[in-house]
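Spelled out from the first residue to the last, the chains are:
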Amino acid sequence: MGVRGIRGAITVQNNEENEILAATVELLQEIVVHNKVQPEDIASVFVTVTADLDAAFPAKAIRQMQGWELVPLMCSLEISVPNGLPKCIRLMVLVNTNMGQSDIRHIYLNEAMKLRPDLAQSKS
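An account of the accompanying structure is given in this report. (Residues numbered from 1 in each chain as written. Predicted model: local features only at pLDDT ≥ 70, side-chain atom pairs only at ≥ 80, totals over all residues. Heavy atoms only, no water.)

Here we come to the sheet that holds strand β1 (residues 2–11). Two modes of strand pairing occur in sheets, parallel and antiparallel, and in both the strands are linked by backbone hydrogen bonds. Taken together, five strands build an open sheet; the order of strands is β3-β2-β4-β1-β5 and the sheet is mixed. Edge positions in the open sheet fall to β3 (73–77) and β5 (107–109), since each of these has one partner strand only. Within this sheet the neighbouring strands show an average axis-to-axis angle of 15°, counted without direction. Relative to β3, strand β2 (residues 42–49) runs parallel, the two sharing five bridges. Along β3, the bridge assignment pairs valine 47 with cysteine 75. (Pairing = 2+ DSSP bridges. Helix = DSSP H or I, 4+ residues; strand = E, 2+ residues; numbered from the N terminus. Axes fitted to C-alpha atoms, helices over the stretch in contact; angles between N-to-C directions.)

The subject of this paragraph is the nonpolar core. Of all hydrophobic cores here, the largest spans 33 residues; its most connected members are Val45, Trp68, Ile89 and Leu91. Those elements that place two or more of their residues in this core are β1, α1 (17–35), β2, α2 (59–63), β4 (88–97) and β5. Per-element tally for this core: the top contributor is α1, with eight residues. Judged by nonpolar contacts, the second largest core, of five residues, contains Ala9, Leu85, Cys88 and Ala112. (Core = buried A, V, L, I, M, F, W, Y, C linked by side-chain atoms within 4.5 Å. Buried < 20%, exposed > 50% of the residue type's maximum accessible area, 1.4 Å probe, protein only.)

This is the structure:
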């Protein structure tokens, strides 16, 4: 068994706490479902937000999810790059797994699909 990174990103329309928290949960749930992982498989989750999202810590939403209370979480600011995608939450989920790198499904939702159209997944 090794550690693999699962990437994901989602955008919100407004810098509002409830919207940020709901989007974070939506993104994490999509990652978990598509990769068939459980909280006890997770080594840690690294969360970044763009500088225009300061109404809430996205990790707060993850800590409130049942079974995720003990998963190590870290929030940080995304690098501010000119013409970068605004209002974006990104996750790097480090998971203990036997899956190969090509088996990992990275999830990009809403406007974040523009970041990696080659990896973007529909919600089906």
